[in-house]
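# Examination of the molecular architecture
These are the residues of each chain, in order.
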Amino acid sequence: MRKIVASFFVSLDGVMESPQEWHFPYFDEEMGQAVGAGFAASDTLLMGRVTYEEWVPVWPKRTGAMADQINAAHKYVVSGSLAAVDWANTTLIAEDVGARIAALKDEPGKDIALSGSATLVEWLLHEGLLDELRLMVHPIVLGRGRRLFSDGQPPKPLQLVASQTFSTGVADLTYRPAD
């Protein structure tokens, strides 16, 4: 069975919004290798509408190892409001979301990567469909912005299964659901 692995850049105060505004001073070759390894372990991308709308004007125009991998990957967009998707190798999931994602996990292949799409990740976690949560916690407090998890959700215990610290002070933490 394939794993769904969600990855986020987050601040110490849990903000994941607009990493392009605060993340890059911490991005170096060491982190690039770790991010690249995560994408290399996958052959499918899962994303929500917002991430799709942010990525589709950018990634199809890029080249290079990571861009080539992202563009060649099978992509699934979960959205109840999009009517269609037009990025190569992209499929819209608008109905029976849980069953469709569970079926994706049962298909042969590498991991299913999810980057961004906090609403979808939170839903997957509480539906028991998320297998790993990888957080690259940056040593910065932003004080504002959307946090990874919203208030009002029931507790969900996680188990730390891997950790490392980069020379920039970013902690790379991998969690799995504890139950």
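Here's a quick rundown of the structure. Everything quoted here is computed from the prediction, not taken from an experiment.

## Focus on the pattern of salt bridges
Going through the model one piece at a time under the given rule, you end up with eight salt bridges. Two residues, Asp 172 and Arg 134, come together in a salt bridge whose shortest N-O distance is 2.4 Å. Linking Asp 172 in strand S8 (residues 171–177) with Arg 134 in strand S6 (residues 132–138), this pair joins segments that are 38 residues apart in sequence. Asp 172 gets classed as buried once you look at its relative accessible area, which sits at 3%. Note on Arg 134: relative accessible area 15%, which makes it buried. When salt bridges that share partners are traced, they join Arg 2, Asp 43 and Glu 107 into one network.

## Looking at the sheet that holds strand S3 (residues 74–78)
Taken in spatial order, the eight strands of this open sheet run S4-S3-S2-S5-S1-S6-S8-S7, and their pairing is mixed. Edge positions in the sheet fall to strand S4 (90–93) and strand S7 (158–165), since each of these pairs with one other strand and no more. Averaged over all adjacent pairs, the angle separating strand axes in this sheet is 25 degrees, with direction ignored. Two strands pair when backbone bridges link them, and strand S1 (residues 4–11) and S6 are joined in this way by seven bridges, in the parallel orientation. Of the residues in S6, the one forming a bridge with Ser 11 is His 138. The strands touched by helix H3 (residues 65–72) are strand S2 (42–48) and S3; relative to S3, the strand with the most contacts, the crossing angle is about 65 degrees. Against the sheet, helix H4 (residues 97–106) engages S1, S2, S3, S4 and strand S5 (111–115), with an angle of about 140 degrees to S4.

## Remarks on H4
Listing the buried residues of H4 in full gives Val 97, Ile 101, Leu 104 and Lys 105. All buried residues of H4 fall inside an arc of 100 degrees around its axis, so they share one side. Structural note: H4 exposes Ala 99 and Asp 106 on the side pointing more than 90 degrees away from its buried face. Looking at the buried positions of H4, the neighbouring elements they touch are S1, S2, S3, S4, S5 and helix H5 (118–127).

## A word on the nonpolar core
Membership of the largest hydrophobic core comes to 27 residues, with the highest contact counts inside it found for Ile 4, Phe 8, Leu 46, Ile 101, Leu 114, Leu 124 and Leu 130. Among the secondary structure elements, those contributing two or more residues to this core are S1, S3, H4, S5, H5, S6 and S8. Looking at which element gives the most residues to this core, the answer is H5, with five residues. Not counting residues up to four positions away in its chain, the partners in contact with Leu 130 are Ile 4, Ala 6, Val 121, Leu 124, Leu 125 and Pro 177. Membership of the second largest hydrophobic core comes to 21 residues, among which are Met 31, Ala 34, Met 136 and Val 170.

Analysis parameters
Here the residue numbering is sequential within each chain, running from 1 through the sequence in written order. In keeping with the model being predicted, local features are shown solely for residues with a pLDDT of at least 70 and side-chain atom pairs are shown and tallied solely at 80 or more, while totals for entire chains, interfaces and linings include all residues. For the side-chain quantities, the full set of heavy atoms in the structure was used; hydrogens and water were omitted. What makes a salt bridge here is a side-chain nitrogen of Lys or Arg within 4 Å of a carboxyl oxygen of Asp or Glu, nothing more. Secondary structure elements follow DSSP: runs of H or I no shorter than four residues count as helices, runs of E no shorter than two count as strands, and numbering proceeds from the N terminus. The rule is simple: take the accessible area with a 1.4 Å probe, protein chains only, and divide by the maximum for that residue type; under 20% is buried, over 50% is exposed, in between is partly exposed. We treat two strands as partners when DSSP finds at least two bridges between them. Think of each axis as a best-fit line through the C-alpha atoms, taken over the contacting stretch in the case of a helix, with angles from 0 to 180 degrees between the N-to-C directions. We call two residues contacting when some pair of their heavy atoms lies within 4.5 Å. Note that the arc is defined by the directions from the helix axis to the C-beta atoms. Put simply, a nonpolar core is a bunch of buried Ala, Val, Leu, Ile, Met, Phe, Trp, Tyr and Cys residues held in one set by side-chain atoms that sit within 4.5 Å of each other.

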